[in-house]
Every structure is written in structure tokens, then in C-alpha cells.
Amino acid sequence: MTDTSRIRVSIVGVVVVALFSTLVGRLWFLQVGSGTVYVEAARENSVRVVQTETPRGRILDRNGEVLVENRIAWAVTVSRDLDEESLDGVIGSLSELLAIDVDILRERYDDPRGSRLAPAVLAVEAEVPDRARVVLQEQGESYPGVSVVPLNLRHYPHSTLAAHVLGYVGEINEDEMAEHKGDDYVLGDTIGRAGVEAAYEADLRGVPQSVTVEVDPAGNVVGDPLEKAPGEPGHDVVLTIDEQVQRVAEESLVSAILQAREVQNTDYEAGFATFAAPAGAVVVIDVDTGGVVAMASFPTYDPAEFIGGISEARYQELTEDESLFQPLLNRVTQGTYAPGSTFKLVTALTAMEYGYRGPDDWFNDTGSITVEETTYNNAGGRAYGSVDLRRALTVSSDAYFFELGRQFWRTWRFEDEARGLAMQTVAGQLGFGAPSGFELVEAEGRIPDPEWKHDFARVLYDDPQKISENEIWYPGDQINMSVGQGDVLVTPLQLANAYAALANGGVLREPRLSVEVRDSDGDTVRRTRSKRIRRVAMDPYRRQAIIDGMVGAVADPSGTAYGAFAGFPLGLIPIAGKTGTAQIGTSDDTKGDTSLFAAVFPANAPKYVAVAVVQEAGFGSRVAAPIVRRVIEALYDLPISPVVVPHGEASD
Amino acid sequence: MVGVALPSAAARPPASATAPLRHVDWGLLALPVGISALGLLMVYSSTRTRLAGQGLSELYYVQRQGAAVVIGIAAMLAVMLVDYRRLRDMFPLLYVAVLPMLVGVLALGATRKGTQAWFQIGPLQFQPSELAKVVLVVALAGYCHSHRGDLDVWRFAIAIGLAGLPIVLVLRQPDLGTAIVLMICVGTVLVVAGARGRHLAVMVLLAVTLVGGAVSSDVFADYQIDRLTSFLDQSTVDTRTASDAEYNLAQSKTAIGAGGLTGAGLFEGTQTKLSYVPEQHTDFIFTVVGEELGFLGGSLLLALFAALVWRIWRIALLAADLFGTLLCVGMLAMFTFQVFENVGMTMGIMPITGIPLPFMSYGGSATIASFIAVGLVSNVHMRRFS
């Protein structure tokens with residue numbers, strides 16, 4: 001052997017050592033250095049969890065009345081393990097038995113939303129007559145792979161009652177899956193989409209039953225399950241809602257709206273027109289607990305339409321067809337309205353607490369005030385003469401509050417900016433302009449101030465000229481705000497909650513829809529107490545002055561709501577009320593005013609607040625107040641008086 | 001490498017002491033038998049569930065592979081009986097005998113996965129390219145020996161021509177993997193035989209051109225090219241959109257990686273049991289070792305291969321003549337490259353080509369040819385004093 005060869009054989013040896021070292025190094029990296037990455041990948045490859053939903057929890061009212069429960073529906077399913085030939089055979093014979101077209105059954109089998117592991121649902125409910133069920137159970141061998149299984153579907157014993165409170169359920173979609181990552185949802189699972197169904201999804205859903213299996217690359221289950229977990233049925237949610245009060249609130253809202261549609265809108269000068277009254281809302285709050293006793297929104301919808309999936313066309317109709325006025329919207333929490341005179345609560349509190357005007361100071365109401373060449377008139381142009389706070393609230397003297405608005409503006413402009421914006425501060429403390437922390441989806445509303453106006457002009461306009469005209473905080477902005485007009489927007493829930501703070505002596509609470517969550521044995525899992533948000537500064541004497549003024553509005557013959565409560569046993573249950581009639585749009589009067597009423601009762605020891613709002617329906621005293629009256633009657637088991645919306649002239 | 005004591009020519013022992021049977025390297029013989037035993041176990045593990053699922057005997061592949069191992073051992077022993085130097089003189093005969101087989105398979109062979117490389121004889125298949133590896137090493141070693149390693153440009157050209165013919169035929173099948181193994185063996189033999197540097201450079205260029213040309217021509221189907229290139233980008237493998245090759249590689253790495261340090265245990269690998277790795281009993285047999293026996297088992301197997309290669313390397317240095325050395329070096333290159341390429345591809349550091357793991361992968365021709373190769377090396381060892 002030559003030296004060259006010897007050296008070259010040695011070099012070959014070095015190369016060999018290098019190659020083997022590389023292999024061992026790479027092996028170490030994959031098996032030891034990579035941690036559990038590949039172990040998890042392998043598990044993801046071959047282990048599947050097949051989930052079956054457990055019965056969803058029920059929703060009960062405060063007295064245990066069932067508002068939503070489950071009902072069993074029979075479903076025909078077919079196994080995924082059949083080969084093509086037997087599947088065709090089975091679909092053929094099922095088509096005959098159930099009288100459903102073969103193509104439809106095939107389509108359901110192939111529905112991509114279904115799991116490849118769970119049996120395919122081919123027919124549900126009415127499609128499975130009792131006769132067919134018996135045949136399938138007794139002659140199972142002629143229908144290989146077919147099972148008749150019970151499905152749990154939502155059932156609404158009170159039909160559409162409290163639809164906006166309860167919400168509805170649907171089959172989970174990809175977006176919701178992503179949102180609930182980690183909660184073990186699988187496609188096809190039921191999920192709450194709105195209302196309590198969505199807010200208490202985690203409680204209502206329960207823990208699905210799960211079976212862990214191994215699958216081969218084709219997705220077929222191999223061998224016995226690795227693991228079985230029985231799951232747990234969903235928990236029941238007990239609401240603060242009182243089914244009976246809720247029913248009266250809804251019925252009164254509907255009948256007031258229907259009657260308002262027959263009444264002439266006398267503000268409309270271009271010809272004869274009745275009020276459109278397309279929509280409205282009612283809410284009742286327990287002032288000590290924040291519990292919502294009733295919550296009605298019109299127009300409403302039928303949650304049963306969503307069982308087993310709603311068609312895309314119908315859903316689009318419900319959300320986009322303007323003639324239906326968005327029935328899915330819960331106007332108590334999502335509707336925003338100019339509060340009109342009901343907002344004078346904020347103006348009055350500000351005037352007293354910030355030393356602008358005491359409750360006993362007299363003001364001469366001449367029917368209007370004029371500021372920088374603009375005249376602000378009382379409704380109907382009436383002059384009330386010498387009024388104090390109580391009187392101003394009772395008769396709804398706008399001039400009294402206009403003048404306060406002017407004082408606020410002057411203070412802001414020439415003296416003390418912060419004190420000049422005290423009304424905005426008080427409104428914020430009473431919960432306006434921000435979500436209240438309620439369980440359901442809420443709109444924020446809006447409390448305008450100079451900074452907002454500056455920014456909003458830039459949202460509305462591009463033209464610098466226009467911006468400079470519209471970015472200024474004019475006296476009119478503050479004056480309009482002092483009577484709940486202009487750019488102020490509130491939700492009925494915010495309004496009710498602010499009055500609740502007045503009623504209970506100054507404590508603003510988070511409104512609540514539920515009392516507690518119970519397990520399927522009826523034992524309490526969790527109490528859902530309302531949180532106290534803050535204490536709002538409120539001198540007892542001044543607070544009483546506001547309540548007295550509101551009592552006058554209901555009980556005094558010159559009060560704005562006197563007519564609406566004619567015949568009501570006010571001696572038994574004194575009521576403090578405030579009407580509101582809010583104009584929408586300033587340039588023309590094609591749209592009727594928003595009708596509002598807020599009541600605190602019993603006025604001597606307040607327990608509840610009720611607020612009614614009806615869009616484009618005219619005076620608050622005529623439409624909203626009669627609704628609230630009936631709700632109060634229902635709360636105190638009084639005979640329910642008929643809703644009568646009066647025609648003709650009235651004042652607010 | 002330096003610690004190997006070489007017997008000096010002056011101290012030649014007496015005739016009885018040089019009898020070939022007294023110089024059998026038992027370690028060399030034991031290693032392939034041991035690796036084969038492990039291979040049978042791994043073939044069994046990777047095929048039993050699938051076979052049972054098809055209603056076949058769980059032992060179907062094991063029995064066939066077992067028969068190949070027995071035949072291989074017999075062939076190995078048979079090869080040891082005749083002095084390897086007799087081959088030295090008859091290498092042209094062997095060379096000429098194997099060429100018609102390579103040509104014939106292109107005309108008459110059975111096609112599997114796009115490659116026409118097998119003669120189908122009843123229930124048996126024979127893959128001539130496996131035999132060609134051994135024969136080409138013998139032939140080239142014989143040719144170089146006949147010129148005492150003095151390779152001028154003409155002799156080098158002839159050697160390249162001798163090697164090139166079967167390589168081109170194998171490429172025509174097309175079987176790129178085997179062709180590259182042949183090139184590596186030829187290259188290593190020529191390097192050790194004493195080829196000149198610039199000649200070797202030309203040879204490398206030639207090999208690269210040949211492979212490049214074959215790959216860019218239409219001899220290979222797209223999916224075969226895919227197999228080659230899939231290892232270059234492994235960052236994102238989405239199993240829903242991955243090509244077969246990407247899927248194969250991802251599953252292969254997953255199975256090995258899932259084994260961890262100690263493995264899932266024999267017959268306990270889920271990826272193996274549930275057939276997640278395609279071709280697992282043949283080209284991807286190492287994934288079974290990786291998943292079920294873990295890093296300990298995998299590195300043990302690599303150690304066995306390393307030991308086998310070390311014994312061959314040692315014999316290359318001990319050989320009595322240049323032919324023996326070149327024979328050993330050729331076989332060494334064959335085993336080393338096949339192990340590196342096969343195990344490397346399952347771990348994503350080499351392109352996927354259809355090369356079996358010697359003694360492990362299911363496949364009769366390769367197993368028998370590998371045993372014959374070891375028999376030849378053993379032969380060189382036994383007769384190093386005679």
C-alpha cells in the first residue's frame with residue numbers, strides 16, 4: 001500500500017466520523033433538544049377528542065318561573081364509518097321512511113360544518129315522526145349505522161316574552177371559535193349569541209362530555225377510547241326579572257305605541273300626519289340592588305326562530321330591513337336618545353351642589369329667554385311666572401333651566417372653566433356617557449363638552465371654514481343641554497340608573513340582570529351581586545326638593561303627568577315623575593318628538609325607578625307616562641288600567 | 001486511526017497460522033446479523049397493525065424479509081469461501097454480466113412509484129441496481145489494481161467510462177439515489193487508488209453535471225423532484241396543503257422527535273402504529289427506531305453502523321493488496337453514504353431519495369447485496385496473510 005493511499009484512507013475515515021457525528025447530533029436535536037414540540041405534534045396528529053354537548057342551563061325569573069328551558073327533539077343520525085355502498089343504501093331507505101329527498105339527506109351528510117368523527121344528523125324533530133322512530137328502533141338491523149338520538153333544543157314557554165333579555169343561541173362559527181380559543185368548543189356546538197344566553201354563556205353551557213380516541217391518517221377511529229369524561233350539565237341562571245311585570249311592561253309598550261300611531265302629530269305643519277312611533281323601551285330597576293325587574297324593547301323578535309340555525313336571508317331581514325326597525329336591538333341598553341326634560345335632574349343637582357341657585361330661590365319665568373339674539377322658548381310658549389325648583393320641575397319650566405344653562409356657559413367662558421362644566425361632571429358621576437357595567441351589550445351615550453365639540457367638528461367636516469364655525473362651544477350648546485336637548489344622548493338604562501341614584505340617596509350601582517347561578521341540583525354556585533360604582537354628592541334637603549318637584553308633576557293638577565295618573569291611588573303609593581319630550585333634528589319637524597317618562601316610587605321611601613321611552617311619539621306625558629303607570633300597577637298588584645293615549649293639545 | 005498495528009512483511013507467520021479460517025473477523029460478521037435482527041423487529045412493528053387491519057398475517061413482511069436475511073447470510077458465507085483475489089482477475093466478466101441486467105430492467109422491469117427498477121419473477125422481485133453497487137466496486141477495484149494504482153489520464157478516463165455506463169443506466173430508471181451511491185463508491189475507490197487531484201476535480205464536475213442534467217430533464221416526474229427539494233424549506237408545513245413529500249418529511253420528523261430520549265417503547269409508537277409515516281417499513285424504517293426506541297435506541301443503531309464501518313476501514317488498512325484495500329474502501333463508502341443519506345433524509349438534513357437503510361429496510365435485493373459486500377470484506381480480512 002502506498003503512502004498516498006494510506007493517507008487517503010485516513011481522510012476517508014475522518015469524513016466517516018464527521019458524517020456519523022452529524023447524524024447523532026441531529027438525532028439529539030430532534031429528540032432531546034426540541035423539547036415537547038414533536039411530542040405535541042404527534043399527539044395532535046393522532047389523538048382526537050369527540051365532544052357531546054350536555055344540556056344547557058335554564059333561565060329563570062326572580063320567582064323561579066322558567067323563561068328558557070330545553071326540550072328533547074328526536075334526531076336521526078348515521079355513522080361516519082359506513083363505506084360508500086352501504087351509505088347509499090341507508091340514505092335510500094331513510095329517504096323512503098322519512099319522505100325526505102335523497103339529495104337533501106346526502107347534502108346534510110356532506111355538510112362541512114359537521115365533525116368527521118361524530119355521526120351525521122340527517123333529520124330532526126318534525127321530520128322524525130313517531131312511526132319512523134319506532135321503525136328505526138325495532139328494525140335497526142335493516143338500517144345499519146343509523147341511530148335515533150335525543151337532542152336538547154331551546155324552548156321558550158312564554159314565547160317572545162323578554163326576548164331581548166334572554167337573547168338567543170346559535171351554532172358556533174369560526175370567528176367565535178377563535179374568540180373562545182381554549183374553551184374547547186367544536187364546530188356545531190351551541191353558543192349564546194345575545195342577551196343572557198351570551199352574557200352567561202360560561203355558566204349556561206356546562207362541560208361537554210368528551211371521549212378521547214386515536215385516529216389513523218384517514219381519520220378513522222382505531223381501538224378503544226383512551227379517555228372518557230362524563231361532562232356536566234349547564235348551570236341555571238336566576239334573573240332579577242319579574243315575569244309578570246315584564247309581561248305588563250311589554251304589553252303596555254306595544255299598546256301605547258299602537259295607539260300613538262293613530263294620533264295626529266300637530267307639530268307637523270306640512271299636512272296631516274300621525275306619529276310614526278316605530279320603537280320604544282321600558283326598564284324598571286330596584287334602586288337598592290340595581291336589579292332590573294323588567295326590560296322591554298319594541299319591536300321584538302321570536303328567539304325560537306334561531307333554534308337549529310336561522311337562515312341567512314331571515315337574519316339579514318332582521319338586521320337590515322328598515323321597515324322592521326331592527327327588532328334584534330335591545331333599545332334599553334343599545335338605543336340612545338335625547339332625554340329632554342328628564343335630564344333636568346342633572347341640571348337641578350348641578351345648580352344646587354355647585355351654588356348656582358338654591359332650591360328655594362325664585363326665578364321669574366317669562367316664557368322665554370334670549371341669549372345673543374337667540375330666543376329659547378318654553379314648550380307652547382307659556383309663561384309660568386315666579387317659580388322655585390319644585391315648581392319648575394312640576395310644571396316643566398324650561399326657562400328656569402335655560403337660564404341655568406346660560407349661567408354655566410358664562411362661568412365656563414369668563415370665570416372658572418371647571419365650575420362652568422360642572423353639569424358635565426355631574427352627568428358623568430350619574431353614569432351618563434359611559435357603559436354602566438351591565439351584563440348586556442350597551443351603547444355609551446354622549447355628554448357633550450367644549451373639547452368634544454372641537455373634535456367632533458373635525459369628524460363631521462373637512463372644510464376649515466365649516467370646522468371653525470362648528471368647533472365653538474356656544475351658549476346654545478350648554479343651554480340646550482340643560483333641558484336634555486342638543487347633543488346629549490342617553491340610553492334608557494343610563495337614565496333609569498341615574499334616577500335610581502337619586503332615589504336611594506346618591507349611590508350609583510351597576511345595574512344587574514341576575515340574582516344567582518345555580519347548579520342542576522338547585523344549589524347556589526355563585527351570587528351575582530351588583531357593584532357600587534360611586535357615591536354622588538347629594539345634600540338630603542336638595543335631593544328632597546327634586547323629589548317634591550317630581551311628586552308635584554304627578555299629583556298637582558298643574559303637573560305635566562297629572563292626567564296620566566288620574567285615578568291612581570297616589571295616597572297609597574306616591575309617585576315622583578318627570579316627563580320629557582325631546583325634539584330630534586332641528587331643521588324640520590318631519591319626525592315626531594321622543595316621548596319619555598321617568599318615575600321614582602314610592603316617593604316617600606323609594607324602591608323602584610321606571611323609565612319609558614317611545615321614539616317619534618310626541619309628549620312624554622301622553623305616551624310614556626301611561627306605560628309607566630301600568631308597570632307600577634303590575635308591581636303592586638293593582639288592577640291594570642287600560643292604556644289611553646290622549647289626542648289633542650297638551651303641554652310638557 | 002493511528003493506533004492500528006500493521007503486521008510487517010518480514011514477520012510473516014507460518015502457513016498454518018495464515019489459514020483463512022483462523023482469521024475470521026467475527027465482529028464484522030456479527031454486526032450485520034445483529035442489525036438485521038433489529039431490522040426485522042422494526043419491520044414487524046411498523047407493518048403489523050396495518051396488515052391486521054387488512055386481514056393479512058401480521059408476519060407477512062417479516063417472513064419475507066427474514067428469508068432475505070437468511071439467504072443474505074448464506075451468500076455472505078459463500079462469498080467468504082473463495083479467495084477474493086480470484087475476483088480480481090475476473091472482474092470484467094462480472095462487469096459484463098451485470099450490464100445486460102441493467103439494460104433489461106429498462107425494457108422488461110416492473111415499475112413502482114415511477115421507477116422501473118425491478119424484475120418481477122413470480123412472487124419475487126429482484127433489483128439489479130443493488131447488485132450493481134457491489135459489482136461496480138469489485139470491477140473498479142480490479143481495474144485500478146491491474147494498473148497498480150498508477151492512473152494516468154487515459155486510465156482514469158477508462159475507469160470513469162466503466163463506472164459511467166451503469167450509472168447512466170440506473171439514472172434512466174430513473175433511480176437518482178442509487179446512481180448517487182454508485183458515484184460516491186466510484187469516487188472513493190478512485191481517490192484511494194491514487195487518482196490525481198485535477199482528475200478528481202473533473203470527475204466531480206462530471207458527476208454534478210450528470211445529476212443536474214438528469215434532474216432538470218424530463219426523466220423525473222415533478223413529485224420526484226419535490227422529494228429532493230422538500231427538505232430545503234421545512235419552516236412551514238401545513239398538512240392540508242403540503243405536497244406528499246413535505247407531508248412525508250413532516251411526519252417522519254414528528255415520529256422521530258416524539259420518541260424523545262427513551263422512546264415510546266417497542267410497539268408503542270402511535271405514529272408508527274397508526275401508519276402516519278408513509279414508506280415506513282422500507283425507506284423510512286429509521287422513524288420506527290426513533291419513535292419507539294428514542295435517542296438511546298437510535299444512537300445505538302448508529303453506533304452499530306459506525307462499528308461496522310470501522311471494522312471495514314480497519315480491514316482496508318490491513319489488506320494484503322491494493323485490490324483488497326479498494327474493495328473495502330468501496331464497500332465502506334457504500335454503507336456510510338447509504339446510512340447518512342437514509343437516516344439524514346428521515347431527519348430532514350438530506351433530500352428524500354429512495355435509498356434503503358442497509359440490513360434494516362424491508363427489501364430482499366438490497367439486504368442480500370449488503371451481506372455479499374460484508375462477505376467480500378471479510379474475505380479480504382481472512383486472507384490478509386495468505
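Residues numbered from 1 in each chain as written. Chains lettered and ligands numbered in written order. Predicted model: local features only at pLDDT ≥ 70, side-chain atom pairs only at ≥ 80, totals over all residues. Heavy atoms only, no water.

Another point: the overall build of chain B. Looking only at helices and strands, chain B has 13 helices and three strands in total. Taking 386 residues into account, the globule formula puts the C-alpha radius of gyration at 21 Å, and chain B, at 21 Å, falls close to it. In terms of overall dimensions, chain B has C-alpha extents of about 65 × 45 × 45 Å along its principal axes. Across the 386 residues in chain B, those meeting the buried criterion constitute 57%. Considering only contacts within chain B whose residues lie at least 6 apart along the sequence, 75% involve residues at least 24 apart. For chain B, the computed accessible surface area is about 15200 Å², with 66% contributed by carbon and sulfur atoms. Separation between the mean location of the 24 positive side-chain charges and that of the 22 negative ones in chain B comes to 12 Å. (Helix = DSSP H or I, 4+ residues; strand = E, 2+ residues; numbered from the N terminus. Rg over C-alpha atoms; globule rule 2.2 N^0.38 Å. Buried < 20%, exposed > 50% of the residue type's maximum accessible area, 1.4 Å probe, protein only. Contact = heavy atoms within 4.5 Å. Areas by Shrake-Rupley, 256 points an atom, 1.4 Å probe, with all protein chains shown as cover. Lys, Arg positive; Asp, Glu negative; His and termini not counted. Charge placed at Lys NZ, Arg CZ, Asp CG, Glu CD.)

All right, on to the packing of aromatic side chains then. Residue and element names in this part refer to chain A. Counted under the stated rule, the structure contains 23 aromatic pairs over all chains. Arranged with centres 3.7 Å apart and planes meeting at 15°, the rings of Y168 and F306 form a pair that is stacked. With Y168 in the loop between α6 (163-166) and β6 (169-171) and F306 in the loop between β12 (292-298) and α11 (312-320), this residue pair connects regions lying 138 residues apart in the sequence. Considering the side-chain rings of Y376 and F402, the 5.6 Å spacing of their centres and the 50° angle between planes classify their relative orientation as tilted. Taken as a pair, Y376 in strand β15 (residues 374-377) and F402 in helix α15 (residues 398-415) lie far apart in primary sequence, 26 residues in all. Taken individually, Y376 and F402 each receive the classification buried, so the pair is uniform in this respect. Seen from the ring of Y185, R205 lies directly overhead, with NZ or CZ sitting 3.7 Å from the centre. K607 extends its terminal NZ or CZ atom over the ring of Y608, reaching a point 5.3 Å from the ring centre. (Phe/Tyr/Trp six-rings, centres within 6.5 Å; stacked < 30°, edge-to-face > 60°. Lys NZ or Arg CZ within 6 Å of the ring centre and 35° of its normal.)

A few words on the pairing of strand β8 (residues 209-215) of chain A. Remark: a regular strand shows side chains that alternate across the two faces of the sheet. Residues and elements named next belong to chain A. In terms of residue burial, β8 counts as a mostly covered element, since six of its seven residues are buried. Two strands pair when backbone bridges link them, and strand β1 (residues 47-52) and β8 are joined in this way by six bridges, in the antiparallel orientation. Pairing of Q51 across the sheet is with S210, part of β8. Across five bridges, the pairing between β8 and strand β9 (residues 221-229) is antiparallel. Paired with E214 across the strands is V222, a residue of β9. (Pairing = 2+ DSSP bridges.)

Moving on: the side chain of N497 of chain A. Residues and elements named next belong to chain A. Following the sequence through the fold, N497 ends up in helix α21 (residues 492-503). You can call N497 buried: its relative accessible area is 5%. Separated by 2.8 Å, the side chain of N497 and the backbone oxygen of R509 make a polar contact. Not counting residues up to four positions away in its chain, the partners in contact with N497 are I285, S436, L508, R509 and P511. (Polar contact = N/O pair within 3.5 Å; in protein donor to acceptor, adjacent residues only side chain to side chain.)

Tallying the contact residues gives 51 residues for chain B and 32 residues for chain A. Roughly 3500 Å² is buried in total at the junction of chain B and chain A, and carbon and sulfur atoms are behind 74% of that figure. On inspection of chain B and its partner chain A, the count reaches zero salt bridges. For the side of chain B that touches chain A, the secondary structure elements donating two or more residues are α6 (176-193), α9 (244-259), α10 (270-273), α11 (286-318) and α12 (322-346) of chain B. Here the element with the most residues in the side of chain B that touches chain A is α11 of chain B; it accounts for 13 residues. (Buried area = accessible area lost by both parts, 1.4 Å probe. Salt bridge = Lys/Arg side-chain N within 4 Å of Asp/Glu carboxyl O.)

All names here are of chain A. According to the domain assignment, chain A contains domain 1 (49-73 + 155-239) and domain 2 (243-635). On the side of domain 2, 34 residues touch domain 1, which itself brings 29 residues to the contact. Summed over both sides, the interface between domain 1 and domain 2 buries roughly 2700 Å², with carbon and sulfur atoms accounting for 61% of that surface. Remark: the boundary between domain 1 and domain 2 carries one salt bridge. Between R526 and D203 there is a salt bridge whose closest N-O contact spans 2.4 Å. (Domains from an automatic or database assignment.)

Moving on, we get to empty space enclosed by the protein. Residues and elements named next belong to chain B. Here the structure, examined in full by the defined rule, presents one cavity of 30 Å³ or more. Each pocket or cavity is described by its volume, and for the largest cavity that value is around 70 Å³. Lining the largest cavity are 13 residues, with E130, Q338, A366, T367 and S370 positioned closest to its centre. The element that contributes the greatest number of residues to the lining of the largest cavity is helix α13 (residues 364-382), accounting for four residues. (1 Å grid on protein atoms, 1.4 Å probe; cavity = no way out; pocket = protein on both sides within 12 Å on 5 of 7 lines; lining within 4 Å. Points joined across faces, edges and corners; volume = space filled by probe spheres on them.)

Looking now at the packing of helix α4 (residues 128-146) of chain B against α6 of chain B. Residues and elements named next belong to chain B. Interaxial distance between α4 and α6 falls to 10 Å at its minimum, and their mutual angle equals 15°. Here α6 runs roughly parallel to α4, going by the angle between their axes. Crossing hand, α4 versus α6: right-handed. Contacts between α4 and α6 involve S129, A132, K133, L136, V137, L140, A141 and C144 from the former and T178, V181, L182, C185, V186, V189, L190 and A193 from the latter. (Axes fitted to C-alpha atoms, helices over the stretch in contact; angles between N-to-C directions. Parallel < 35°, antiparallel > 145°, perpendicular 65-115°, else oblique. Left-handed = near helix turned anticlockwise from the far one by under 90°.)

The next thing to look at is α13 of chain B. Taking 1.5 Å as the rise per residue, α13 of chain B with 19 residues should run 27 Å; its terminal C-alpha atoms sit 27 Å apart, in good agreement. The element α13 of chain B is largely enclosed, with a buried count of 17 among its 19 residues. (Expected span 1.5 Å × (residues − 1).)

With that out of the way, let us pick up the confidence of the model for chain B. Summing up the model confidence of chain B, the mean pLDDT is 88 and the portion of residues at 70 or higher is 94%. Counting contacts from residues 1-6 of chain B, a segment whose pLDDT is below 50, to residues more than four positions away or on other chains yields 11 contacts. (pLDDT = per-residue confidence, 0-100.)

Turning next to unusual backbone geometry. Most peptide bonds adopt trans geometry, and most residues besides glycine take a negative phi value. For the bond from F298 of chain A to P299 of chain A, the omega torsion is -5°, close enough to zero to count as cis. Among the secondary structure elements, P299 of chain A is positioned in the loop between β12 and α11. Along the chain, Q173 of chain B connects to P174 of chain B via a cis peptide bond; the corresponding omega equals -10°. Relative to the elements of secondary structure, P174 of chain B occurs in the loop between α5 (153-172) and α6. In the Ramachandran plot, A277 of chain A falls in the positive-phi region, its phi being about 35° despite a non-glycine side chain.

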